[in-house]
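# Chains, contacts and geometry: an overview
Chain by chain, the residues run as shown.
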Amino acid sequence: MKADKTLRIARWEVSKNAGQLDRRTLAAIGVVLVLVAALTPLVASKGIALDDGIYQVGVADDSPYRGPVANDSTFVAVEPDARAFRNGEIDVLILPGRPPVPAPTQKGQAAISELRATVQAYNDDLMGFERNRTAAFPVNVSLRYVAQNVSTTGAGADDSEPPATTRPTDEDEVGLGGGESGGGDTGGATDGDAGGDDSGAVGDGPAGAPSVGSGSSLFTDQTRGGTPADIAPPFPFESLVLAFAFVLPMNFVIQAYASSILNERINDRGELLLVSPVSRGDIVAGKTLPYLVGMIAIATLTALGIAGLTPAGGDAPLEIASTAAVSVAAVAPIALLFLACAFVGGMFARSFKELTFVTVTLSVLLTSYAFIPAIFTDVHPIAAISPLTLVVRALGGGAVPLADYAFSTLPLLLTAGTLFALGAGVYREEDMFTQRSVPLKFLDALDSQLSSPRSLAKLSALSIPFVFVAELLAVALLFALPVSVSIPALLVAIALVEEVAKSVGIYAGFAHERFGRSARSIGWLGFLSGLGFFVGEKATAVAQLVGLPNLELGRAAFGTVTGLGIQSSPLVLVGLFFAPLALHAVTATITAAGASRDRRWYFGTLAVATLVHAGYNLTVVSYLG
C-alpha cells in the first residue's frame, strides 16, 4: 500500500459522503453526540433509577415516617386516605400511632418490604451525625474482595494464610458499621439530609471489585461507609454503561461504512476504482480510514468525558489524559473488528435489506462478546476476555499490564485482519457486481486465498483468531453453569468450531474445482489443513498469561491444546504434544472425503469428525487433567 494513494481515496470518501449530508442531518448528528457525551457521565454517576415513584405511601406531614419516604425516590408521599387505600390507590397506609399497613396485593407486600429497608438506611444515616462514632457504630466490618481461582497449589503458592482471618491494610478495607436500632422503632427519624461516614476508605486491593449495589462505583465518590446490611455483591453497572458509551456509537458508524461499500457495487459504481492504478489494499484502506478515525475520535471524546467529569479519572489533567488514552487503546481493536465485519457484510450482501440483517447480527454478536465477560470485572478471570475490562480497570485507577492488553486485544486484531483479507479477496469485478448469496460469496472469499494445496495450511492457520474468539465466547457463556453440564457442552462446541475452521477451506476448494478428488489428494489435503491448524493453535498458549487455565472450564478449553497441567517423562510429553496434530489430520481428512462429494456428505462427515474430536477432548480432560 502507498500512503499518498490511500489518503487520496480517504479524502474522496469523506467528500463524497459529506456532500450527501444536509444541515439538518448534521445538526441531528451533533445533537445525538452531545446528548451521549452529556448523559453518559450523568447516568454513570446517578445509577439505575427505573423504580422512581413506583409506590404510593399515605403518610402525614408530621409522621416520623415522612422523612424516609420523602428522601427515597422509590416512594411518592400522599395524604393518608383510608378510602383511597381500600380502592387500591395507595400501596402502604401509615395512620398516626399505628404501624404501616400494606395493601393486600403483591405490590403492597413489595412496598412494605422496600419501606422497611428505607427506614433502616435512613436511621443509619442519622446515626452518622453522632459525635461518638464508636457508640453509634459499635460493629466494624472490613471487606476485601479477592480474585477467584487465581492461586494454585503448586510451587510458590501459600495456602496457609486464610484471607478471611487476615486483617487487610487500611488501603484495602471498607469501613462498615453496625448501628443501634434507636429503641426498636422509627421515632428517631426526622427530616434532614442523609449523613455519611467519612472514615471509611476504599483502596486498590488485589481485586477490589466495585459494587454499585452497596453504594460503591467507579463513577462516584467511594468514601462513604454504611452498615453490615449495606453489603451487596458487585453489580455490572460500570460495564453496562461502558458498553453503551463506547460500543453503541460504533453500530451507527458501521452502518454508514457498510452502506458505502455496498454503494460501490450498485450499478458498477466501483469499476472506476478497480481500473485505476491502485491496489485493492489501497482502496480498502482508503475507504476504511475515515470511519476508523471517526470511531477513534468518538471514543476519545467519550473517554475524556467519563474521566474528566467523574471521579474515575482523577483530578490532574495528566492523569485524566492517561486514563483516557488507555481506554481508547482498549476499545480501538473493537472498532477495527466492527469495521472488518461491516466490510465483509458490505461485500457479501446483495441488497440493503440483506446488509441490514447481516450488520445487525454481527453487531449483536460483537456487543455480546465485549459486554458479557466484562460483567465479571475484578470478580472472575473470565473478564480478561473483553477489552472493556481494561477500560473498567483503567477508570478504577488500576494498572493494565501489557500481557493483559495483548490477551484481550490480540485475538480481535488478528480476526479483523483476517476478515479484511477475506473481503479484499472478493474485491474484484467478477464478485463485486454479481448477485450471489452470502454463503457463495463466503466460499469465493476463501477460494481467493487458495493458490495450491499448500495454501490450505495457511488458510487453516488464519482461522485461529476466529476459533480463539469463538472458544473464548463459549467459555464466557458456559462457565456459570454446573461443571457437569458446562464441560461436555464446551468440548462439543470447541470440536465443532475447530472442525468447521479446518474443513471450510477444503470445501471451498472442491466447490471451485481447485483440487483433485482422488484418495491420495484427499489425504494430502487433510494433512495440510491439520498441520496448519496445529501450528496456528499453539498461539493459544497466551491464555496462560491471565490465569484462565486455573479455571476448570479454562483447562477444558485450552488444556487439550497446550498440554497444561501434564507432568510426565519427556518422551510422553513429546507424544502428547504431537497428538493434536494426528487428531487434526485425521478429522480434517474425514471432512475432506465428504467435501469431495457434495454438501450433504460434507455435513455428515463434519458431524462424524466433531464426535471424534469431542471424544478426544473428553479423554484428555478426564485422564490427563
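Residues numbered from 1 in each chain as written. Predicted model: local features only at pLDDT ≥ 70, side-chain atom pairs only at ≥ 80, totals over all residues. Heavy atoms only, no water.

Looking only at helices and strands, one finds 22 helices and 6 strands in the protein. By the burial criterion, 44% of the 625 residues in the protein qualify as buried. A sequence separation of at least 24 residues applies to 73% of the contacts in the protein between residues at least 6 apart. With an accessible surface of roughly 30,300 Å², the protein has 63% of that area assigned to carbon and sulfur atoms. (Helix = DSSP H or I, 4+ residues; strand = E, 2+ residues; numbered from the N terminus. Buried < 20%, exposed > 50% of the residue type's maximum accessible area, 1.4 Å probe, protein only. Contact = heavy atoms within 4.5 Å. Areas by Shrake-Rupley, 256 points an atom, 1.4 Å probe, with all protein chains shown as cover.)

Helical geometry note: an α-helix holds 3.6 residues per turn, so side chains three or four residues apart project in the same direction. The terminal C-alpha atoms of helix 5 (residues 106-127), which comprises 22 residues, lie 32 Å apart, in line with the 32 Å expected from a rise of 1.5 Å per residue. Within helix 5, the full set of buried residues consists of Gly108, Ala111, Ile112, Leu115, Thr118, Val119, Tyr122, Asn123, Asp124, Asp125, Leu126 and Met127. Those residues of helix 5 that are buried lie in contact with strand 1 (55-58), helix 3 (66-71), strand 2 (75-78), strand 3 (92-93), strand 4 (101-102) and helix 6 (133-136). (Expected span 1.5 Å × (residues − 1).)

Unlike most non-glycine residues, Glu513 shows phi in positive territory, near 55°. By the secondary structure assignment, Glu513 is in the loop between helix 18 (483-511) and helix 19 (519-537). Residue classification places Glu513 among the exposed residues on the basis of a relative accessible area of 57%.

So, on to the nonpolar core. Phe246, Tyr257, Met295, Phe338, Phe343 and Met347 are the most contacted members of the largest nonpolar core, which has 80 residues in total. Top contributing element to this core by residue count: helix 10 (residues 317-348), with 16 residues. Among the nonpolar cores identified, the runner-up in size contains 12 residues, and Tyr55, Phe75, Ala111 and Leu115 belong to it. (Core = buried A, V, L, I, M, F, W, Y, C linked by side-chain atoms within 4.5 Å.)

Once that is clear, we can look at the sheet that holds strand 1. If you walk across this open sheet you meet the 4 strands as 2-1-3-4, and the pairing is mixed. Either end of the sheet is taken by a strand with one partner, and the two such strands are strand 2 and strand 4. Examined bridge by bridge, strand 1 and strand 2 share 4 bridges and lie parallel to one another. Each residue of the ladder has a partner; that of Tyr55, found in strand 2, is Phe75. (Pairing = 2+ DSSP bridges.)

A separate point is a nonpolar patch on the surface. A cluster of nonpolar side chains, Phe244, Leu248 and Phe252, forms an exposed patch at the surface whose accessible area comes to about 310 Å². Tracing the backbone through its elements, the reader meets Leu248 in helix 7 (residues 237-263). (Patch = residues over 30% accessible without salt bridge, like charges linked within 9 Å, V, L, I, M, F, W, Y side chains within 5 Å. Salt bridge = Lys/Arg side-chain N within 4 Å of Asp/Glu carboxyl O.)

At a minimum axis distance of 8 Å, the contact between helix 10 and helix 13 (residues 402-425) shows a crossing angle of 20°. Here helix 13 runs roughly parallel to helix 10, going by the angle between their axes. In the crossing of helix 10 with helix 13, the sense of the turn from one axis to the other is left-handed. Taking contact as the criterion, the partners of Ala329, Ala330, Pro333, Ile334, Leu336, Leu337, Leu339, Ala340, Cys341, Phe343, Val344 and Met347 in helix 10 are, on helix 13, Tyr405, Thr409, Leu412, Leu413, Thr415, Ala416, Leu419, Phe420, Gly423 and Ala424. Tallied by class, the residues present in the contact of helix 10 with helix 13 amount to 19 nonpolar, 3 polar and no charged. (Axes fitted to C-alpha atoms, helices over the stretch in contact; angles between N-to-C directions. Parallel < 35°, antiparallel > 145°, perpendicular 65-115°, else oblique. Left-handed = near helix turned anticlockwise from the far one by under 90°. Nonpolar A, V, L, I, M, F, W, Y, C, P; charged D, E, K, R; others polar.)

Attention now moves to the pairing of strand 1. Since strand 1 and strand 2 lie parallel, the crossover through helix 3 that links them has a hand, and here it is right-handed. Relative to strand 3, strand 1 runs parallel, the two being bridged by 2 bridges. The partner of Gly58 across the bridge, within strand 3, is Leu93. (Right-handed = clockwise from strand over helix to strand, strands pointing away.)

Before going further, it helps to spend a moment on the confidence of the model for the protein. This prediction gives the protein a mean pLDDT of 74; 68% of its residues lie at or above 70. Ignoring residues within four places in sequence, the model shows residues 543-547, a span with pLDDT below 50, making 13 contacts including any to other chains. Confidence drops under pLDDT 50 across residues 561-566; counting only partners more than four residues distant or on other chains, this segment forms 14 contacts. (pLDDT = per-residue confidence, 0-100.)

Considering all chains together, one arrives at 7 aromatic pairs under this definition. Counting every residue linked through ring pairs, the aromatic cluster contains Tyr507, Tyr602 and Phe603. It is Lys502 that lies over the ring of Phe533; its NZ or CZ is 5.8 Å from the centre. The ring of Trp601 carries the charged tip of Arg597 above its face, separated from the ring centre by 4.0 Å. (Phe/Tyr/Trp six-rings, centres within 6.5 Å; stacked < 30°, edge-to-face > 60°. Lys NZ or Arg CZ within 6 Å of the ring centre and 35° of its normal.)

All right, on to the pattern of salt bridges then. Counted under the stated rule, the structure contains 8 salt bridges. Here Asp61 ties to Arg66 by a salt bridge, and the two come within 3.3 Å at their closest N and O atoms. For Asp61, a relative accessible area of 51% corresponds to the exposed category. The salt bridge involving Glu513 is made with Arg517; its shortest N-O contact spans 3.1 Å. Overall, the relative accessible area of 38% leaves Arg517 in the partly exposed class. One connected set of salt bridges, linked through shared partners, spans Glu13, Glu264 and Lys287.

Taking 1.5 Å per residue as the helical rise, helix 19 with its 19 residues ought to reach 27 Å, and the 27 Å between its terminal C-alpha atoms agrees with that figure. Of all the residues in helix 19, the buried ones are Ser521, Ile522, Leu525, Gly526, Leu528, Ser529, Gly530, Gly532, Phe533, Phe534, Gly536 and Glu537.

What follows deals with the packing of helix 13 against helix 17 (residues 464-478). Put simply, helix 13 and helix 17 touch, their axes get as near as 8 Å, and they point 135° apart. Judged by the inter-axis angle, helix 13 sits oblique to helix 17. Crossing of helix 13 over helix 17 shows left-handed handedness. Contact residues: helix 13 offers Phe407, Pro411, Leu412, Leu414, Thr415, Thr418 and Leu419, while helix 17 offers Pro465, Phe466, Phe468, Val469 and Leu472.

Glancing now at the side chain of Ser463. With respect to the helices and strands, the residue Ser463 is situated in the loop between helix 16 (455-462) and helix 17. A residue is classified by how much of its surface remains accessible, and Ser463, at 9% relative accessible area, is buried. Of note is the side chain of Ser463, whose polar atom sits 2.5 Å from the backbone oxygen of Ser460. Apart from residues lying up to four places away in sequence, Ser463 is in contact with Ala501 and Phe533. (Polar contact = N/O pair within 3.5 Å; in protein donor to acceptor, adjacent residues only side chain to side chain.)

The topology assignment puts Asp447 in helix 15 (residues 438-447). Ignoring anything within four residues of it in the chain, the contact list for Asp447 reads Ala508, His512 and Arg514.

Examined against the element boundaries, Arg66 turns out to sit in helix 3. Distance in space between the C-alpha atoms of Arg66 and Ile94 is 9.6 Å, their sequence separation being 28 residues. Looking at Arg66, its side chain comes within polar contact range of the side chain of Asp61, at 3.3 Å.

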